[in-house]
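Below, each chain spelled out in residue letters.
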Amino acid sequence: MWHPDNMDDLITTATARDEQNRAARVAVLPVGSFEQHGDYLPLITDTVVACAIAERIAAEYGLFLLPPVTVSCSHEHAGFAGTVSISTPTLIAVVTDVADSLRASGVDRLAIVNGHGGNYVLANVVQEANTAGPRMTLFPNRQDWEAARAAAGLLSTASDDMHAGEAEVSMLLHIHPDWVRDGYQHADWQANPRPHLLVTGMRGYTKSGVIGLPSLATAEKGRAIFDSLARSFKDHLEVLS
């Protein structure tokens, strides 16, 4: 499983000839974030999750796996120590430039694996990219996550479990348990509904940075989430074909 000390897992050791021989028509770009996840998950949590999903589907479906975008739009977490963001236009430019570069080298389809819910703009990027025909997909979508939560038997809803909760802790317990610190067992915090999140950011609804039920997390649930997402991606690939 990918982590920052082992970039080889993200195909960095492949050569141009390797990729020419494999002739993948679809590339996969993980997009994460660098933001607070309470006192028990690392700042790079969303990137780790995006990379784990991307690595899994690339291996199962023969995709061209790209290294991650590790800093994105985390403006709702401004004020929490450790959070770093780039602007919306910058993220748009990075993703569209990557897509253009891939197309120039013969890879004309791109699957963006988004690990951060605050990257709303990626939906617009994908929608615009497909005006002349299927070229790009955004994964996982809401239905993919709902199916994964159901398959894993998560007890919290997606709305209740917004950030650093049952789902995220479960995924980290599965792929990188040594990065999950003690404390999640007693960090549950509910803040639902959140009608003014775009105005107040996370600070308006949580002091800890947590909105969710991390105490319910298990590694088994995390494994089931990844298994479900790997199955769900098949539909995305068929639409791109």
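> I keep staring at the sheet that holds strand β4 (residues 136–139) and nothing clicks. Help me out?
Hydrogen bonds between backbone groups are what pair the strands of a sheet, and the pairing can be parallel or antiparallel. With respect to topology, four strands assemble into an open sheet ordered β2-β1-β3-β4, the strand pairing being parallel. The two strands at the open ends of the sheet, each matched to only one other strand, are β2 (64–65) and β4. Sitting on the sheet, helix α3 (residues 88–104) touches β1 (26–31), β2, β3 (109–114) and β4, and the angle it makes with β1 is about 160°. The strands touched by helix α8 (residues 219–240) within the sheet are β1, β3 and β4, with β4 carrying the most contacts at an inclination of about 165°.

> Hey, could you run me through the nonpolar core in this one?
A general trend in soluble globular proteins is that nonpolar side chains are found buried together. By size, the foremost hydrophobic cluster in this structure holds 40 residues, and its most contacted members are Val28, Tyr40, Leu63, Val113, Val169 and Ile225. At eight residues, the largest contribution of residues to this core is made by helix α2 (residues 45–61). Other than its neighbours up to four places away in sequence, tyrosine 40 contacts Ala164, Val169, Trp179, Val180, Arg181, Asp182, Gly183, Tyr184, Ala187, Val210 and Pro214.

> Teacher, can you tell me more about α3 here?
Residues lying three or four places apart along an α-helix face the same way, a consequence of the helix completing one turn every 3.6 residues. Helix length check: α3 (17 residues) gives 24 Å between terminal C-alpha atoms against 24 Å at 1.5 Å per residue, within 8%. Buried residues in α3 make contact with β1, β2, β3, α4 (121–129) and β4. Downstream of α3 by one or two residues, glycine 106 has phi in the positive range, about 100°.

> Explain the pairing of β3 to me, please; I cannot follow it from the model alone.
Each regular strand displays side chains that alternate between the two surfaces of the sheet. Taken across its six residues, β3 has six buried, putting it largely inside the fold. Burial along β3 is two-sided: Arg109, Ala111 and Val113 and Leu110, Ile112 and Asn114, pointing in opposite directions, are all buried. Alignment of β1 against β3, held across six bridges, turns out to be parallel. Residue pairing across strands places valine 31 opposite asparagine 114, the latter belonging to β3. Examined bridge by bridge, β3 and β4 share four bridges and lie parallel to one another. Along β4, the bridge assignment pairs valine 113 with phenylalanine 139. Between the parallel elements β3 and β4, the chain passes through α4 in a crossover that is right-handed.

Rules behind the numbers
- Residues numbered from 1 in each chain as written.
- Predicted model: local features only at pLDDT ≥ 70, side-chain atom pairs only at ≥ 80, totals over all residues.
- Heavy atoms only, no water.
- Pairing = 2+ DSSP bridges.
- Helix = DSSP H or I, 4+ residues; strand = E, 2+ residues; numbered from the N terminus.
- Contact = heavy atoms within 4.5 Å.
- Axes fitted to C-alpha atoms, helices over the stretch in contact; angles between N-to-C directions.
- Core = buried A, V, L, I, M, F, W, Y, C linked by side-chain atoms within 4.5 Å.
- Buried < 20%, exposed > 50% of the residue type's maximum accessible area, 1.4 Å probe, protein only.
- Expected span 1.5 Å × (residues − 1).
- Right-handed = clockwise from strand over helix to strand, strands pointing away.

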